[in-house]
Amino acid sequence: TTEIYTLSLHDALPIFVSIEAGVALSLTVGLGYRSWQEGVLKSEAEESKRHEVKERAKLEDDMIRGREIQESLLPATLPKLDGFDIAARYQACLHVGGDYYDFLQPDPSRLLFVIADVQGHGVSAAMIMSNLQATLRNVLHGPRGQSPATIVAALNDALLESTRGERLVTLFLSILDQIG
């Protein structure tokens, strides 16, 4: 035999003692859900904040390492020349930047010194500065007897090519000939 059960809407709905009890139960369930939902959102916000703090610390560490690398591109010691007192001080506005100075000896009788500033701040300016430093050293390995104008023209050409002319570099370059 097959038994058929029918369920009416009246049978499916809970029967409340009173309307007030139904409203109280609905509020309790609603507030419990809201409290649970707020807990989930709070937990997600805390996780996001922990992730942000971790990423910020990683970025800070990268910037400190960038500063160390950039400072290693600057001269570790300054040249000693009879009759000259040479001093230099470098302090970046940010962790890294586009400031540069150097003292190079293309040959025993000449001292080249350069001071440069790449337009802008931060990582992009620092990268162009490192490109400038490498290019200058590469140009100096070229033919002997180069004049400051020849060196600056070669630097200009190389930097225009590598930066697509998007950055300005202010540069002072001079060569001290030590005769005698």
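To start, this report covers the structure provided alongside it. All of these numbers come straight from a predicted model, not from anything done at the bench. (Residues numbered from 1 in each chain as written. Predicted model: local features only at pLDDT ≥ 70, side-chain atom pairs only at ≥ 80, totals over all residues. Heavy atoms only, no water.)

**Focus: the overall build of the protein chain**
Piece 1. Across its full length, the protein chain holds 4 helices and 3 strands.
Piece 2. Listed by position from the N terminus, the elements making up the protein chain come as α-α-β-β-α-α-β.
Piece 3. Within the protein chain, buried positions represent 23% of all 180 residues.
Piece 4. Counting only contacts in the protein chain whose residues sit at least 6 apart along the sequence, the fraction spanning at least 24 positions is 67%. (Helix = DSSP H or I, 4+ residues; strand = E, 2+ residues; numbered from the N terminus. Buried < 20%, exposed > 50% of the residue type's maximum accessible area, 1.4 Å probe, protein only. Contact = heavy atoms within 4.5 Å.)

**Here's the deal with the pairing of strand β2 (residues 110-118)**
In the case of a regular strand, side chains alternate between the two sheet surfaces.
Piece 1. As paired strands, strand β1 (residues 99-107) and β2 are joined by 7 bridges and run antiparallel to one another. Across the sheet, the residue bridging to D99 is D117, located in β2.
Piece 2. The hairpin turn running from β1 into β2, its antiparallel successor, is 2 residues long.
Piece 3. Here β2 runs beside strand β3 (residues 169-177); their pairing, made up of 9 bridges, is antiparallel. Paired with R110 across the strands is D177, a residue of β3. (Pairing = 2+ DSSP bridges.)

**Points about the pattern of salt bridges**
Where charged atoms from two side chains of opposite charge come close, those side chains can pair.
Piece 1. Taken as a whole and judged by the stated rule, the model has 6 salt bridges.
Piece 2. Residues R34 and E38 are paired through a salt bridge, measuring 3.3 Å at the closest nitrogen-oxygen approach. Residue R34 and its partner E38 are located together in helix α2 (residues 19-72), separated by 4 residues, close to a single helical turn.
Piece 3. D102 is the partner of R137 in a salt bridge, and the nearest nitrogen-oxygen pair spans 2.8 Å. Here R137 is found in helix α3 (residues 122-140), whereas its partner D102 is found in strand β1, with 35 residues between them in sequence.
Piece 4. Take D102: its relative accessible area is 1%, and that puts it in the buried class. (Salt bridge = Lys/Arg side-chain N within 4 Å of Asp/Glu carboxyl O.)

**Remarks on the nonpolar core**
Piece 1. With 25 residues, the main nonpolar core has Y100, L112, L136, I151 and L173 as its most contacted residues.
Piece 2. A per-element tally of this core places α3 first, with 7 residues.
Piece 3. Once residues within four sequence positions are removed from consideration, L173 is found in contact with L112, F113, V114, L136, P148, I151, V152 and L155. (Core = buried A, V, L, I, M, F, W, Y, C linked by side-chain atoms within 4.5 Å.)

**Notes on the packing of aromatic side chains**
Piece 1. On inspection of all chains with the given rule, the structure shows 2 aromatic pairs.
Piece 2. Measuring from centroid to centroid gives 6.2 Å for Y101 and F103, while their planes differ by 70 degrees, and the two rings are edge-to-face. There is no split in this pair, since Y101 and F103 are both buried.
Piece 3. Centroid distance F113 to F172: 5.9 Å. Interplanar angle 45 degrees. Geometry classified as tilted. Pair noted here: F113 is in strand β2 and F172 is in strand β3, with a separation of 59 residues, a long-range link.
Piece 4. When its relative accessible area of 27% is taken as the criterion, F113 is described as partly exposed. (Phe/Tyr/Trp six-rings, centres within 6.5 Å; stacked < 30°, edge-to-face > 60°.)

**A short note on helix α4 (residues 148-163)**
Piece 1. Over its 16 residues, α4 extends 22 Å from the first C-alpha to the last, a length consistent with the 22 Å expected when each residue adds 1.5 Å.
Piece 2. Where α4 is concerned, the buried positions are I151, L155, L159 and T163. All buried residues of α4 project into a common sector of 75 degrees when viewed along the axis, lining one side. The exposed residues of α4 that point more than 90 degrees off its buried face are A149, D157 and E161. (Expected span 1.5 Å × (residues − 1). Arc of directions from axis to C-beta.)

All we've got here are geometric facts, nothing functional implied.
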